[in-house]
Amino acid sequence: MKHLLKEDFMTKNELIAAIADETGKTKADVSAILASLGATVAKTLKKGDDVTLGGIGKLSAAKREAREARNPSTGATIKVPAKTVVKFKVTKDLADAVA
């Protein structure tokens, strides 16, 4: 597995700066908007609804059943409890733009 270096991804502060530069908004405004987006998405997914981010993708909550798994270090069987996970499906336009 490749180790990620700083150059391999955009940090939150870099994202805020890029959006602020692109929109002419202040970094504080962009930061507040991103915080609100995160809270709104979490609230919506918790209700069981999907969130579509135009041009980016769709977030949805999915229930995972309880299951048994193996600890790779010891080989012991462990019980993994049921939980709700977030799934993301990228839009075709974004996938094509990156390809």
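Now for a description of the structure that goes with this document. Fair warning: this is a prediction, and the values are worked out from it, not measured in the lab. (Residues numbered from 1 in each chain as written. Predicted model: local features only at pLDDT ≥ 70, side-chain atom pairs only at ≥ 80, totals over all residues. Heavy atoms only, no water.)

## Quick look at the pattern of salt bridges
Note the threshold: Here, a salt bridge means any Lys or Arg side-chain nitrogen found within 4 Å of an Asp or Glu carboxyl oxygen. Note on conventions: DSSP H or I runs of at least 4 residues are helices, E runs of at least 2 residues are strands, and numbering of each starts at the N terminus. Think of it in three bands: residues with accessible area under 20% of the maximum for their type are buried, residues over 50% are exposed, and the middle band is partly exposed, with areas taken using a 1.4 Å probe on protein chains only.
Tallied over the entire structure, the rule returns 4 salt bridges. Across the salt bridge formed by Asp49 and Lys47, the nearest N and O atoms sit 3.8 Å from each other. Among the ionic pairs, Asp96 bridges to Lys92, the shortest N-O distance being 2.7 Å. Taken as a pair, Asp96 and Lys92 lie in helix α3 (residues 92–98) at a separation of 4 residues, close to a single helical turn. Relative accessible area serves as the criterion here: at 61%, Lys92 is assigned to the exposed category.

## Some points on the sheet that holds strand β1 (residues 51–53)
As a reminder of what qualifies: When DSSP finds at least two bridges between two strands, those strands are taken to pair. Fitted lines through C-alpha atoms serve as axes, helices being fitted only where they are in contact, and the angles separating the N-to-C directions of these axes extend from 0 to 180 degrees.
Overall, antiparallel pairing links the 3 strands, which are arranged β1-β2-β5 in an open sheet. Each having just a single partner strand, β1 and β5 (83–90) make up the two edges of the open sheet. The average angle at which neighbouring strand axes cross in this sheet is 25°, direction not considered.

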